[in-house]
Amino acid sequence: MQPSNKSLEEYQEERMKFTNSWTFMMTALGFAAGFGSVWRFPYLVFKNGGGTFLIPYFLLVFTLAIPLFFLEVGLGQTKGMGFAHLIASEKPKLAGFGFIGIIIASYVSTYYNLIMAYSFRFLWDSFKYPLPWLESIINEEQPFSKNYFYGDILHISDSITNINEIVWSLLIAYMVSLTIVYFIIKEGVGTSGKIAIVTATSPYILLVILLIRGLMLEGSSEGIYYLFKPDFVKLFNPSVWVDAANQVIFQMNVGLAILCLYGSYRKKDDNLPNFSYAIPIITALCGMLAGLVVFSYIGHVSFKFNIPIDELPLSGPDLAFVLYPAILAQMPMPNLWCILFFCVLVLLGVDTQFGFVDLIAGTIEDACLGEVFLFGYKLTVQQVRLGICIVLGILGSIYCTDIGFYLLEFVDLYGTTISFMGGLLFEVFYFGNPQRFNQFKKDLEQCNIQIPKFIEFSITKLCHYTVVILLIISVIQQIKGSLSYNGFFIVVGWFISFLPFLWALLTYLQKRNEKEEKTEDVELNLLEKN
C-alpha cells in the first residue's frame, strides 16, 4: 500500500460521521448485545447464586464497564481517530499494541459469522411444517434431542482431527450472512448507523413478545424463581466475581477498540457522560430481559417433563440450538415462535458482525488516511469492506466442514482469553498513567466535557488491579482448556494467543531500528559538515 497524499487534518475533516447521537447509541447497543446475552448471561446468573450474582455484576458495570466505555469513546471523540492510529501517532514504538483488539476482532468475526449461519439455517427450517427437529424429539421420547443440531445441521465428526466433508448448507448460510453484513456496512457508519436503529431495537421487541408468551406457560414462574433465587453464600466465592467481571467486559465489548472507533465518528462536543452511563446500563438490562425469556420457557419444560432445571442444557449453543428449538416446537403455532426466536438471533448477530467488519475497515482507512491503495489502485469505501468480507469468507470456509464446531471452540479458547485480557491490561496501564490521563482530561475540557470523579478513580486505580487479576485467571483457564488437545493443537493455539503480542514486539523492534538508523544518519551528516 502506498502512502496517502492527505494530511491528518484533511482526513479528519472528510472522515465519515454518525448522523446524530442516537445512531451512535443504537450502533453501540447493537454491537454489545450479541449471542452472549441469550446463551451466556442467563446461565451465569443461575450458576452463581441467582439474584446474588447481580450484586457483583452491577457493581462491576459501574466500576469497570462505564469507566472503560467513557475512556474508549472519549479517546476516539477527542482525537478523531481509531485506537490503533491513536497509539501509533503518540508512541510509534508501541503501535503494535494498538492492533491487539483488531486482531482479536478478526479471530472472533470468522466464527461469529458461523453462529449466524447456524441461526440462518434454523430460520430457514422454521418455515417447514412439521418442524424438522420435532421428529427426533418424538422418536427419542425426550423433551429435547441433540441429533438434529449435531447431526443434520453440523454433520459433526468424531474429533477435530477427522475432517471428512464440506457442509454445503452451512457454507451457503455463511456466505449469505456475510453478504447481508456487506450490504449493511458498505457505505460506512452513515448508513449502518441508520440501519442499526432497526436491527438493534427489533430483537428486544421480539424478546418481549416471546416473554409475554413464556409467562403464560405453566411452570414459567418456577424457571424465573430459579434464575433469581438468591444464595448469598456465593458472594464470598471468588469465582462468582470473576464470572461477573468477565461477563461485564465481554458483554460491553470494552478492550476491542471498537468503542474508540465509534467515538471517532462522533462530533467533538457530543454528550459523553450521559451515553457512557446509558449504553452499559441498557445493555445489562437487555441481558436481564433475555434471562427472563430463557428461564420462563425452561421452567415450563421442567414442569411439563418433571426434570430438574439443573439437568437441562442451560448454556452455549446447546441452549440456543437444542433446548430452545425443542421447547418452541412443542407449543401451539410452533413455526411462528421458532421464526421469531431465530429472527432475534439473526438480528443480534448481524449488529455485532457488522461492528467487527467496520472495526477492521476503519482501522485500515485510518492507517492510510482514507486513501487505501492496492497494487497502485485506489480502493473505495465499498471495495475496502467488500475485500474484508471476501477474506473473512475464505478464512471462515474451514468452519463450514464437519470439524467446524470443534474449530469454533478452539479459536474461542485461544483467540479471546489471554490475548484479550493482555490487550486490556495495556490499555488501562497506558491511559491510566497519570501523565497520559491528565492529557485526556485536558482534551475533554477543550470539548466542555468533565470527567466524573468515580470514573477517574476507576481508570487510574481500580481497573489496574481488576484486569491484572483477570489476566492471571485467564492464563489458568486457558492452561486447563489446553489439556483436552494434543501437542500440535496446543502449539498452534498458544501461537494464536500470542500472535497479537508478537506483532506488537516486531513493530517495536522495527520502529526502534528505524529511529537508530535516523540517529546515525543525522550524526553522519553532522560529521560531514564539520
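Residues numbered from 1 in each chain as written. Predicted model: local features only at pLDDT ≥ 70, side-chain atom pairs only at ≥ 80, totals over all residues. Heavy atoms only, no water.

The protein appears in an unreviewed UniProt entry as Transporter from Paramecium primaurelia. UniProt's Sequence similarities (unreviewed entry) comment on the protein is quoted here verbatim: "Belongs to the sodium:neurotransmitter symporter (SNF) (TC 2.A.22) family." (UniProt positions renumbered as here; feature names shortened; annotations may be inferred.)

Participant: Hey, could you run me through the overall build of the protein in this one?
Facilitator: For the protein, the helix and strand inventory stands at 23 helices and 2 strands. For 530 residues, the compact-globule estimate of 2.2 N^0.38 gives 24 Å, and the protein sits close to it at 24 Å. With the principal axes as the frame, the protein shows a C-alpha extent of 95 × 50 × 45 Å. Residues classed as buried in the protein amount to 58% of the 530 residues present. (Helix = DSSP H or I, 4+ residues; strand = E, 2+ residues; numbered from the N terminus. Rg over C-alpha atoms; globule rule 2.2 N^0.38 Å. Buried < 20%, exposed > 50% of the residue type's maximum accessible area, 1.4 Å probe, protein only.)

Participant: What should I look at first to understand the packing of helix α7 (residues 100–125) against helix α10 (residues 168–185) in this one?
Facilitator: Relative placement of two packed helices is described by the angle separating their axes and the distance separating the axes. α10 packs onto α7 with a crossing angle of 110 degrees between their chain directions and a minimal axis gap of 8 Å. Classified by the interaxial angle, the pair formed by α7 and α10 is roughly perpendicular. In contact with Thr-110, Asn-113, Leu-114, Met-116, Ala-117, Tyr-118, Phe-120 and Arg-121 of α7, α10 contributes Ser-169, Leu-170, Ala-173, Tyr-174, Ser-177, Leu-178, Ile-180 and Val-181. Among the residues forming the contact of α7 with α10, the class breakdown is 11 nonpolar, 4 polar and 1 charged. (Axes fitted to C-alpha atoms, helices over the stretch in contact; angles between N-to-C directions. Parallel < 35°, antiparallel > 145°, perpendicular 65-115°, else oblique. Contact = heavy atoms within 4.5 Å. Nonpolar A, V, L, I, M, F, W, Y, C, P; charged D, E, K, R; others polar.)

Participant: How should I be thinking about the side chain of Arg-266 in this particular structure?
Facilitator: For Arg-266, the position within the fold is in the loop between α14 (258–264) and α15 (273–305). For Arg-266, a relative accessible area of 2% gives the class buried. Within the local environment of Arg-266, its side chain forms a polar contact with the side chain of Gln-77, the two groups lying 2.8 Å apart. Excluding residues within four positions of it along the chain, Arg-266 makes contact with Lys-17, Phe-18, Ser-21, Phe-24, Val-73, Gln-77, Asn-271, Leu-272 and Phe-275. (Polar contact = N/O pair within 3.5 Å; in protein donor to acceptor, adjacent residues only side chain to side chain.)

Participant: Sorry if this is basic, but what is going on with the environment of Gln-77 here?
Facilitator: Residue position: Gln-77 is located in helix α5 (residues 54–79). Residues Gln-77 and Lys-267 lie 190 residues apart in sequence; the distance between their C-alpha atoms is 6.7 Å. Residues in contact with Gln-77, not counting those within four places in the same chain, are Gly-263, Ser-264, Arg-266, Lys-267, Lys-268, Asp-269, Asp-270, Leu-272 and Ile-449. Within the structure, Gln-77 has its side chain in polar contact with the backbone oxygen of Lys-268 (distance 3.2 Å).

Participant: Help me out: how do you make sense of the packing of helix α11 (residues 189–215) against helix α17 (residues 334–367) in this one?
Facilitator: In the contact formed by α11 and α17, the axes pass within 9 Å of each other and the chain directions differ by 150 degrees. The orientation of α11 relative to α17 falls into the category roughly antiparallel. In terms of crossing hand, the pair formed by α11 and α17 is left-handed. A per-class count over the contact of α11 with α17 returns 17 nonpolar, 3 polar and 3 charged. (Left-handed = near helix turned anticlockwise from the far one by under 90°.)

Participant: Would you take a moment to explain the nonpolar core for this structure?
Facilitator: One recurring pattern in soluble globular proteins: nonpolar side chains tend to sit buried together. Counting residues in each nonpolar core, the largest one holds 184 residues, and the members touching the most others are Phe-149 and Phe-321. Apart from the residues within four sequence positions on either side, Phe-149 is in contact with Tyr-118, Phe-122, Leu-154, Pro-317, Phe-321, Val-322 and Phe-405. (Core = buried A, V, L, I, M, F, W, Y, C linked by side-chain atoms within 4.5 Å.)

Participant: Sorry, what's going on with the side chain of Thr-23 here?
Facilitator: In this structure, Thr-23 sits in helix α2 (residues 21–32). Of note is the side chain of Thr-23, whose polar atom sits 2.7 Å from the backbone oxygen of Asn-20.

Participant: Looking at this structure, how should I read the packing of aromatic side chains?
Facilitator: Given two aromatic rings, their pairing is described by the distance between the two centres and the angle made by the two planes. Summed over all chains, the structure comprises 48 aromatic pairs. Measuring from ring centre to ring centre gives 6.1 Å for Trp-22 and Phe-275, while their planes differ by 75 degrees; the resulting arrangement is edge-to-face. Placement of Trp-22 in helix α2 and of Phe-275 in helix α15 is noted, with a sequence separation of 253 residues between them. Ring centres 5.3 Å apart and planes at 65 degrees place the aromatic pair Tyr-182 and Phe-183 in the edge-to-face group. Accessibility expressed as a relative area gives 13% for Tyr-182, which makes it buried. By the ring-pair criterion, three or more aromatic residues cluster together here, those being Tyr-118, Phe-122, Trp-133, Tyr-148, Phe-149, Tyr-150, Tyr-297, Phe-321, Tyr-324, Phe-341, Phe-342 and Phe-405. The positively charged end of Arg-266 is found above the aromatic ring belonging to Phe-24, 4.3 Å away from the centroid. (Phe/Tyr/Trp six-rings, centres within 6.5 Å; stacked < 30°, edge-to-face > 60°. Lys NZ or Arg CZ within 6 Å of the ring centre and 35° of its normal.)

Participant: Looking at this structure, I do not really get helix α12 (residues 220–228). What am I missing?
Facilitator: Because the α-helix completes a turn every 3.6 residues, residues three or four places apart line up on one side. Taken as a whole, α12 has its buried residues at Ser-220, Gly-223, Ile-224 and Leu-227. Relative to the axis of α12, the buried residues are bounded by an arc of 95 degrees and lie together on one face. (Arc of directions from axis to C-beta.)

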